[in-house]
Amino acid sequence: MAAITSPGTQIVAPKSCIPASHGFSRSKITHFGNETKGSSWTKLRSLSFMSATQSFSKTYGSRLLKSQRHVIKAVGGEGDKQPLPGLPIDLRGKRAFIAGIADDNGYGWAIAKSLAAAGAEILVGTWVPVARWFFDGNYQVYPLDAIYDSLEDVPEDVKTNKRYSGSSNWTVKEVTESVKQDFGSIDILVHSLANGPEVSKPLLETSRNGYLAAVSASSYSFVSLLRHFLPIMNPGGATISLTYIASEKIIPGYGGGMSSAKSALESDTRVLAFEAGRKHSIRVNTISAGPLRSRAAKAIGFIDMMIDYSLENAPLQKELAAEEVGNAAAFLASPLASAITGAVVYVDNGLNAMGVGVDSPVFQDLNIPKANKS
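Presented here is a report on the structure given in the accompanying data block. (Residues numbered from 1 in each chain as written. Predicted model: local features only at pLDDT ≥ 70, side-chain atom pairs only at ≥ 80, totals over all residues. Heavy atoms only, no water.)

Brief notes about helix α8 (residues 258-280)
Working step 1: The sharpest bend along α8 measures roughly 30° and falls at Leu272.
Working step 2: Within α8 the residues assigned to the buried category are Met258, Ala261, Lys262, Leu265, Glu266, Thr269, Leu272, Ala273 and Ala276.
Working step 3: Two residues or fewer past α8, Ser281 is found with a positive phi of approximately 60°. (Bend = angle between axes of the 7 residues up to and from the residue. Helix = DSSP H or I, 4+ residues; strand = E, 2+ residues; numbered from the N terminus. Buried < 20%, exposed > 50% of the residue type's maximum accessible area, 1.4 Å probe, protein only.)

Put into structure tokens, the structure is as follows:
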């Protein structure tokens, strides 16, 4: 697995990461992924790749960080304040907090890149043990475990777990307080978190604890994040989460209560759009993203099959790129989407619109057009 790097920064993806649209972790403790960026968006836009082996050896040969925070900002030139031509997505002067970047080619990281390219300042909340692996550099990382609202909610065995030793202020309430102390406010909140410890089990075989764990990590974590961050969000701001078509259609193999969690997330999006909109003028939307060949998604076991299915049956016969979801998120976070809230926005090459799979043998005699791939 290649790790993304830029001059002065290196990262290592955790063993168990979850893309918010369709992933899970086999660990009993929720894993939130990690990514970070270099000192300027110029560097961010010209990311180079290095092998996972090189990144692993260099990272583990270095000093581990202990919950350090570093600033990551958009760096502009002389024309930074000049108006952009046309109808641009302009997020200069905006600050985004992105919770749970799963891996270096997942949707969370793509959203971070797109928001940064539009000029936003990025803050990242990443799973506590992962945060200690980051190199010191010009970026902002907050250790975060979003299944715990406050320190009082954390079981003793988690507090004493060696993976959490040396870290502090990583519950949702504490991270919010840290961001407020460091920056005062944010404009954009991105929820890219999901975990279903029993996702490989059919729903009928899912335990109560497995089901509730999926809902807690994948949907209530968004409610908690918005509840705590809302008081420090500037009016006119936006929130974005990631969902999956399993919320409304049957996707065999996507079990463990994960389909239920995504349904809850979409329902909460509508209710929270009303509540946050009336109280704070904050917009709340979710993106239903198609299957992506990310490292974390491959842990599900059938992601390649889902991508092949989409290629054969979606109106647009092409593989979905993470950047396409990132760009949609940048639009939803921008003033261009100022009247859009409470929406599920599909970024899946149109697969959600299909009622049948046209690759079925029953349609073999129909003259169904194919994309010209030449």
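Remarks on the packing of helix α7 (residues 208-229) against α8
Working step 1: The geometry of α7 relative to α8 is characterised by a closest axis approach of 9 Å and an angle of 20° between their N-to-C directions. For the element pair α7 / α8, the angle class is roughly parallel. Read as a crossing pair, α7 and α8 show a hand that is right-handed. Mapping the contact onto sequence places Tyr211, Ala214, Val215, Ser218, Ser219, Phe222, Val223 and Leu226 in α7 and Met258, Ser260, Ala261, Ala264, Leu265, Asp268, Leu272 and Ala276 in α8.
Working step 2: Partitioned by chemical class, the residues of the contact of α7 with α8 number 12 nonpolar, three polar and one charged. (Axes fitted to C-alpha atoms, helices over the stretch in contact; angles between N-to-C directions. Parallel < 35°, antiparallel > 145°, perpendicular 65-115°, else oblique. Left-handed = near helix turned anticlockwise from the far one by under 90°. Contact = heavy atoms within 4.5 Å. Nonpolar A, V, L, I, M, F, W, Y, C, P; charged D, E, K, R; others polar.)

With respect to the pattern of salt bridges
Working step 1: Following the criterion strictly, the structure yields seven salt bridges and no others.
Working step 2: A salt bridge links Glu198 to Lys201; its shortest N-O distance comes to 3.7 Å.
Working step 3: Here Glu198 falls in the buried class, since its relative accessible area comes to 14%. (Salt bridge = Lys/Arg side-chain N within 4 Å of Asp/Glu carboxyl O.)

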